[in-house]
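Each chain, written out:
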Amino acid sequence: MLPFISVAKQWQSKKILLYFLAVRDATRIGNPRCRADSFALVKEFELYAFWRYMRFGVSLSPKEIVMDQSWFEMRDVRNRKLDNGVWIPLRAVNTIDHQGRYGYIGYREEFFGAGSVAVPIQSRNEVNELNWSSIGPHHPHHCDIQEGRYIPSDIYEFGQENISGIHLVLEQHYNSQDVPEWHLHQDFIIVLNLKRENDTWVAPDEGYVEVARLHRTTNGTVFLLEVRADHLKDYLSARSMALYISCYRNRDEIVDDASHIVWTVNPLVEDQNGDRWEGRVTELHEGGDLYGTSMAVMHVSRTDVDFEEEVPNLEFPKDKDVRLQSWVKKHEGRKLYRVQGELWRNEWIEPGDLSVRIRRDTSPPTVFFITDSKGTHESKATLVGATKWLWFRPGVIMSLAHRRGGTLRWYSKDTGAVSCSLDCGVHFGINSIGLVTGFAKDIASLPDWQQKIWAGYNIGPEARVSDELLAAQMRAMPPNTKAPEELLPVVITRLNNITLDRYNFRLFREHADFEKVLTLSHRFRALDQMTLLGFAKDLARLTADSIDAAAIQKVVKPPAGQKWGSLKFLESLVATRTDVKDARSAVGPLFGIYELRHADAHLAGQFDEILKLVSIDRSLSFVFQGYQLLEACVSSLTRIADILEG
């Protein structure tokens, strides 16, 4: 225990010790107010806390941990501007932290509130007179009638000239039991084409990105509604408005010793750039009453009440019928201190320079693509009017198609359409070395956020443009070929129908992930050896793992003493319609696919033998290996269907 004792002796001041213990606890929850230079001391305090626990059997309670002066001064908050944030609070009544009971040691609270109004840019000077008392969240929203004139609940009028702003958040009160509800302004929702999902508004046209979100406490009470700054500024720009926000923040604590607060005056007031901060230390009695104060109590009653009268009907009392008692109660309790920092801030959220979403302003190019072997980079400014193609690594298909709202469709063996948002499909083709090629104009015409995804996979030209894509786009002769991705669900359905008609059961049992795995079954799953094996595993889930072996056992049974797997049952079922050799040949690729899921446990020679079962050429790019794997699966299922049907 000596090391811990020596550490403890270094801390002679309880106040310094408790301050750094507060830093330690705040560090553990990732509190941003911790100073970076304090982190090195955390370990020493953990040593002290451990020594105290081992020596005395007790640990430091939250009541012993006090906040330092800088926490109340809020430098961390005062140096940040809402206008620079990614998310902007439109309305807030947020108790960030609450501990203990007011009036007693251990009480601590941090509160943040905000109210806002969007106003015409030309009215900014008049709006600067508004503050927390004018537009804070303690003001309910309701219609108003002024001299017979109806003012809607979303309109806020101010100034002598009745200048109008709008509330982008409307609070609706019901009764004392139902909690209030906050509504995002319908105009904001409609013009940005937002969809509400629970307490989140998403933009389906932008890959379902979150644009606004409502936060609630555990009992359902709303305390914050915030919106993404990019979309808010687009909206404000379209309406030639700016958003005026008035905020209030309070940090409050009750301690038994306030000597760590060294403000020169009490209260200390600082006004700077629209901010007003006040810090004060107030003496209290335990329980919350001001120290050294008293209160006057008056008790007033009537003396002319006849309690025997069944229907009392009393007039306004006369002086002789009134009894008045009064006394003074002096507040008592030990002396405590309330340390408090308060910040009032009024801030403007400026409109964007452009309104790309709503007003369809033309934005300068931000995305560039390599267009030739010299490495020339071009943007939509030149590509929209050009007859060029672009080349991409095959991983772009996974990044696009498997986002929410993404799609992948097939037109032929090597062409299809891919999108990361509905109604924004791009016709693509696969060239001779497995690269994705697309018409430059189609890609450059996409929204910038989609172009950025494509650009992340863009490379210089390598091998020719996809033959099938050129045939469709330039020769106007779409190829008459089929992609195995398109045939896989067709042949699975066909087999189920055949076995249902002939044997009265469906060959493949559907499970919870069946449709999801089916959607993921395409050649672009294979980008390296590990993903190729992952693709084989999913194909095995659709085939071997989904075969209803129990149903097949009613038709064919294994010899005594043998135990068959699902694929052996299928092979035996097929053998009832053809010879054993033909049945084994038809089902063989499915055995190979099943073995590939365990390929990492096989020796190199065994692995090559398995690849032969599914006709995979390892010299080709992985996209083509994925194609061969899928083609082997589809061909095997098709051959099985032909045998069972014939």
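Up top you'll find the structure we're talking about.
Residues numbered from 1 in each chain as written. Predicted model: local features only at pLDDT ≥ 70, side-chain atom pairs only at ≥ 80, totals over all residues. Heavy atoms only, no water.

Participant: Which parts of the structure should I look at to understand the overall build of the protein?
Facilitator: Within the protein, the secondary structure is distributed over 22 helices and 26 strands. Across the 646 residues in the protein, those meeting the buried criterion constitute 46%. For the protein, long-range pairs separated by at least 24 residues make up 65% of all intrachain contacts whose partners lie at least 6 apart in sequence. Total accessible area computed for the protein in this model is approximately 34,100 Å², and 51% of it derives from carbon and sulfur atoms. (Helix = DSSP H or I, 4+ residues; strand = E, 2+ residues; numbered from the N terminus. Buried < 20%, exposed > 50% of the residue type's maximum accessible area, 1.4 Å probe, protein only. Contact = heavy atoms within 4.5 Å. Areas by Shrake-Rupley, 256 points an atom, 1.4 Å probe, with all protein chains shown as cover.)

Participant: Please clarify how the packing of aromatic side chains should be interpreted in this entry.
Facilitator: Going through the model one piece at a time under the given rule, you end up with 17 aromatic pairs. Relative to W344, the ring of Y248 lies with its centre 5.3 Å away and its plane at 45 degrees, an arrangement referred to as tilted. Of the two residues, Y248 is situated in strand β13 (residues 241–255) and W344 in strand β18 (residues 335–349); the sequence distance between them amounts to 96 residues. Under the relative-accessibility criterion, W344 is labelled partly exposed at 24%. Three or more aromatic residues joined by ring pairs form one cluster here, namely F111, W132, Y248 and W344. Across from the ring centre of Y291, 4.9 Å away, lies the NZ or CZ of K335, which sits over that ring. (Phe/Tyr/Trp six-rings, centres within 6.5 Å; stacked < 30°, edge-to-face > 60°. Lys NZ or Arg CZ within 6 Å of the ring centre and 35° of its normal.)

Participant: Help me understand the pairing of strand β1 (residues 87–99), please; the structure alone is not making it clear to me.
Facilitator: For a regular strand, the rule is simple: side chains alternate between the two faces of the sheet. Sheet topology places β1 next to strand β12 (residues 222–228); five bridges connect them, and they run antiparallel. Directly across from R91, in β12, lies its bridge partner L225. The pairing of β1 with strand β2 (residues 108–120) spans seven bridges and is antiparallel. Looking at β2, one finds that H98 is bridged to E109. (Pairing = 2+ DSSP bridges.)

Participant: What exactly am I supposed to notice about a nonpolar patch on the surface here?
Facilitator: Taken together, the side chains of M298, V300, V322 and L324 define a hydrophobic patch exposed on the protein surface, amounting to about 390 Å² of accessible area. Sorting the residues of the nonpolar patch by element identifies β16 (294–302) and β17 (322–330) as the ones contributing at least two each. With respect to the element layout, L324 can be found in strand β17. (Patch = residues over 30% accessible without salt bridge, like charges linked within 9 Å, V, L, I, M, F, W, Y side chains within 5 Å. Salt bridge = Lys/Arg side-chain N within 4 Å of Asp/Glu carboxyl O.)

Participant: Is there a simple way to explain the pairing of strand β25 (residues 436–439) in this structure?
Facilitator: Neither face of β25 is open: one carries V436 and G438, the other T437 and F439, and all of them are buried. Taken together, the three bridges between strand β24 (residues 426–430) and β25 define a ladder with antiparallel strand orientation. Bridge pairing in β25 links F428 to G438. The antiparallel pairing of β24 with β25 creates a hairpin that spans five residues between the two strands, and G434 there sits at a positive phi of about 90 degrees.

Participant: Please clarify how a negative patch on the surface should be interpreted in this entry.
Facilitator: Residues D306, E308, E309 and E310 make up a contiguous surface patch of negative charge. With respect to the helices, strands and loops of the structure, D306 is situated in the loop between β16 and β17. (Lys, Arg positive; Asp, Glu negative; His and termini not counted. Charge placed at Lys NZ, Arg CZ, Asp CG, Glu CD.)

Participant: Where do I start with the nonpolar core in this structure?
Facilitator: The tendency in soluble globular proteins is for nonpolar side chains to be buried side by side. Formed by 54 residues in total, the largest nonpolar core has its most connected members in L488, L539, L590, L596, L629, L637 and I640. Looking at this core, the elements with two or more residues in it are α15 (484–503), α16 (514–519), α17 (529–542), α18 (549–552), α19 (566–575), α20 (580–596), α21 (604–613) and α22 (622–645). Discounting residues that sit within four places of it in the chain, L596 has contacts with L533, A536, F607, I610, L611, V614, I616 and L629. If you look at the next biggest cluster of nonpolar residues, it comprises 35 residues, including I88, W182, A203 and Y235. (Core = buried A, V, L, I, M, F, W, Y, C linked by side-chain atoms within 4.5 Å.)

Participant: How should helix α9 (residues 229–238) be read in this particular structure?
Facilitator: Two residues of an α-helix separated by three or four positions point the same way, owing to the 3.6 residues in each turn. Judged by how many residues are buried, α9 sits mostly within the fold: eight of ten residues are covered. Where α9 ends, the next residue or the one after it, S240, has phi of about 55 degrees, a positive value.

Participant: What should I look at first to understand the sheet that holds strand β22 (residues 407–410) in this one?
Facilitator: Strand pairing in a sheet takes place through backbone hydrogen bonds and is either antiparallel or parallel in direction. Here we have six strands laid out as an open sheet, ordered β22-β23-β24-β25-β21-β26, and antiparallel in their pairing. Looking at strand neighbours, the two that pair on one side only are β22 and β26 (458–459), the edges of this open sheet.

Participant: Mind showing me how you'd approach the packing of α19 against α22 here?
Facilitator: Describing two packed helices takes the angle between their axes plus the distance from one axis to the other. The interhelical angle for the contact between α19 and α22, taken along N-to-C directions, is 40 degrees, at an axis separation of 9 Å. Taken together, α19 and α22 sit at an angle that is classed as oblique. Note on element contacts: α22 touches α19 through I640, I643 and L644, opposite L570, L573 and V574. Here the contact of α19 with α22 is composed, by residue class, of six nonpolar, no polar and no charged. (Axes fitted to C-alpha atoms, helices over the stretch in contact; angles between N-to-C directions. Parallel < 35°, antiparallel > 145°, perpendicular 65-115°, else oblique. Nonpolar A, V, L, I, M, F, W, Y, C, P; charged D, E, K, R; others polar.)

Participant: Explanation requested: α22 in the structure shown.
Facilitator: Over its 24 residues, α22 runs 34 Å from end to end, which matches the ideal 34 Å to within 8%, given 1.5 Å per residue. In terms of residue burial, α22 counts as a mostly covered element, since 17 of its 24 residues are buried. (Expected span 1.5 Å × (residues − 1).)

Participant: It is not clear to me how the side chain of E110 should be interpreted in this structure. Could you clarify?
Facilitator: Tracing the sequence through the fold places E110 in strand β2. Since its relative accessible area comes to 5%, E110 is described here as buried. Among the polar contacts made by the side chain of E110, one reaches the side chain of R249 at a distance of 3.2 Å. A distance of 2.9 Å separates a polar atom in the side chain of E110 from a polar atom in the side chain of R251. (Polar contact = N/O pair within 3.5 Å; in protein donor to acceptor, adjacent residues only side chain to side chain.)

Participant: Even after reading the chapter, I still don't get the packing of α17 against α20, so can you show me in this structure?
Facilitator: Interhelical geometry of α17 versus α20 gives an angle of 125 degrees and a closest axis separation of 8 Å. Considered as vectors, α17 and α20 are oriented oblique to each other. Of the two elements, α17 crosses α20, and the hand of that crossing is left-handed. Residues L533, A536, L539 and A540 of α17 form the contact with α20, whose own contacting residues are I593, Y594 and L596. Taken together, the residues of the contact of α17 with α20 break down into seven nonpolar, no polar and no charged. (Left-handed = near helix turned anticlockwise from the far one by under 90°.)

Participant: Would you explain unusual backbone geometry in this entry?
Facilitator: One can expect most non-glycine residues to show negative phi and most peptide bonds to be in trans. Of note, the bond from N266 into P267 is cis; its omega dihedral lies within 30 degrees of zero at 5 degrees. With a phi angle near 65 degrees, A463 is a residue other than glycine that sits in the positive phi range. Positionally, A463 belongs in the loop between β26 and α14 (467–473). A positive phi angle, near 70 degrees, is found at N504, a position not held by glycine.

Participant: Would you mind going over the side chain of S379 with me for this structure?
Facilitator: Take S379: it is sitting in the loop between β20 (377–378) and α10 (380–383). Overall, S379 belongs to the buried group, its relative accessible area being 6%.

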